[in-house]
Amino acid sequence: MENIVIIGAGGVGREVALIIEEINKVQPTWKLLGFLDDKSALHNTYINGYRVLGGIDYIATMETLGTVHAVCAISAYKAKVKIVEKLKSCSISFPKIIHPSVQVSRFNSIGEGTIVYPGVIMTTNIDIGNQVIISPGSGIGHEAVIEDYCSVLWKVNISGNVRVGEGCLLGSGSTILQNISIGRESIVGAGAVVVKDLPERCTAVGVPARVVKVGEYAG
Ligand SMILES: CC(C)(COP(=O)(O)OP(=O)(O)OC[C@H]1O[C@@H](n2cnc3c(N)ncnc32)[C@H](O)[C@@H]1OP(=O)(O)O)[C@@H](O)C(=O)NCCC(=O)NCCS
């Protein structure tokens, strides 16, 4: 069993702990040491049986344990980039955490630190970058590309040949039609249906999706 910590003791962190437990039921893989979170009020409390060990800097004290793996359970793009960049100087690895029920074709690639929840269906020739979150019930079609640091929330439909740029957030229940490109750091509102390409750093909502904000990132 390899040592692992979860960065972020919020809702996503709890869900990742559950996925890790389910991976371990199938194949004992991870010794979950606990959570790291910069909210000091949480330190030394227990969340679902796992201790909040300290802030993110606590990871430096863990080097005596040998290799420590970390999973960044945070969906906010900028916060996550900051944490991952900060930890690059430590000898930390970011494994991908994929629920054991999810089928992954040998023609798909999934980057480091990416979290794939149960109930995700993906077909083939799909490229998912680093530090991406794919939430329960989402579907991803052939040849889709999802770049680094995207958060795909619950039950999103990503059709074939879609490209989602770095740091995008796709709200729950949204649908992206085939061959669409979404520019980096854009947000698609819950329930939206995206029928044409979206520019960078925009927010688009509704059916069909219309751009309501450009140039500011709410994620
Ligand atoms: C789109 C979203 C990010 C809001 O962004 P925001 O920058 O705070 O935008 P605002 O709340 O100012 O809304 C801007 C406009 O879009 C509308 N709007 C916001 N979200 C919408 C949605 N999902 N569908 C349709 N219209 C929406 C607002 O009513 C507002 O319209 P108005 O200008 O006519 O009043 C947010 O509403 C959303 O859908 N987030 C996804 C949440 C989600 O999926 N959560 C699941 C958690 S697991």
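Residues numbered from 1 in each chain as written. Predicted model: local features only at pLDDT ≥ 70, side-chain atom pairs only at ≥ 80, totals over all residues. Heavy atoms only, no water.

**Brief notes about the sheet that holds strand 13 (residues 139-140)**
Here comes step 1: Taken in spatial order, the 5 strands make up an open sheet running 10-13-16-19-22, and their pairing is parallel. Of all the strands in the sheet, just strand 10 (121-122) and strand 22 (193-194) have a single pairing partner and so form its edges. (Pairing = 2+ DSSP bridges. Helix = DSSP H or I, 4+ residues; strand = E, 2+ residues; numbered from the N terminus.)

**Some remarks on the pattern of salt bridges**
Here comes step 1: What the rule picks out here adds up to 7 salt bridges.
Here comes step 2: Among the salt bridges present, the one from R184 reaches E185, with a minimum N-O distance of 2.9 Å.
Here comes step 3: Looking at E185, the relative accessible area reads 4%, which means it is buried.
Here comes step 4: Notably, a salt bridge pairs R201 with E185, separated by 3.1 Å at the nearest N-O pair. On the criterion of sequence distance, the pair formed by R201 in the loop between strand 22 and strand 23 (202-205) and E185 in the loop between strand 20 (181-182) and strand 21 (187-188) is long-range, its members being 16 residues apart.
Here comes step 5: A relative accessible area of 30% places R201 in the partly exposed class.
Here comes step 6: Each of E166, R184, E185, E200 and R201 takes part in one network of salt bridges that share partners. (Salt bridge = Lys/Arg side-chain N within 4 Å of Asp/Glu carboxyl O. Buried < 20%, exposed > 50% of the residue type's maximum accessible area, 1.4 Å probe, protein only.)

**Brief notes about the sheet that holds strand 6 (residues 92-93)**
Here comes step 1: With mixed pairing, the 6 strands of this open sheet are ordered in space as 3-4-2-1-5-6. Edge positions in the sheet fall to strand 3 (46-47) and strand 6, since each has one partner strand and no second.
Here comes step 2: Note that strand 3 and strand 4 (residues 50-54) share 2 bridges and pair antiparallel. The residue of strand 4 that forms the bridge with Y46 is R51.
Here comes step 3: Lying over the sheet, helix 1 (residues 11-26) contacts strand 1 (2-7), strand 2 (30-36), strand 3, strand 4 and strand 5 (68-72), oriented at roughly 175° with respect to strand 2.
Here comes step 4: In this fold helix 2 (residues 77-87) packs onto strand 1, strand 5 and strand 6, with an angle of close to 165° to the strand it touches most, strand 5. (Contact = heavy atoms within 4.5 Å. Axes fitted to C-alpha atoms, helices over the stretch in contact; angles between N-to-C directions.)

**Comments concerning the pairing of strand 23**
Here comes step 1: The sheet contact formed by strand 21 and strand 23 spans 2 bridges and is parallel. In the sheet register, I187 faces strand 23, and the bridge partner there is T203.
Here comes step 2: The pairing of strand 23 with strand 24 (residues 210-214) spans 4 bridges and is antiparallel. Bridge pairing links C202 to V214 in strand 24.
Here comes step 3: Counting the residues between successive antiparallel strands, the hairpin from strand 23 to strand 24 contains 4 residues, one of them, G206, with a positive phi of roughly 90°.

**Things to note about helix 2**
Here comes step 1: Buried within helix 2 are the following residues: Y77, K80, I83, V84 and L87. Buried residues of helix 2, viewed axially, fall in a sector of 135°; they line one side. Helix 2 presents K78 and K82 as exposed residues on the side facing more than 90 degrees away from its buried surface.
Here comes step 2: Tucked inside the fold, the buried residues of helix 2 contact strand 1, strand 5, strand 6 and strand 12 (133-134). (Arc of directions from axis to C-beta.)

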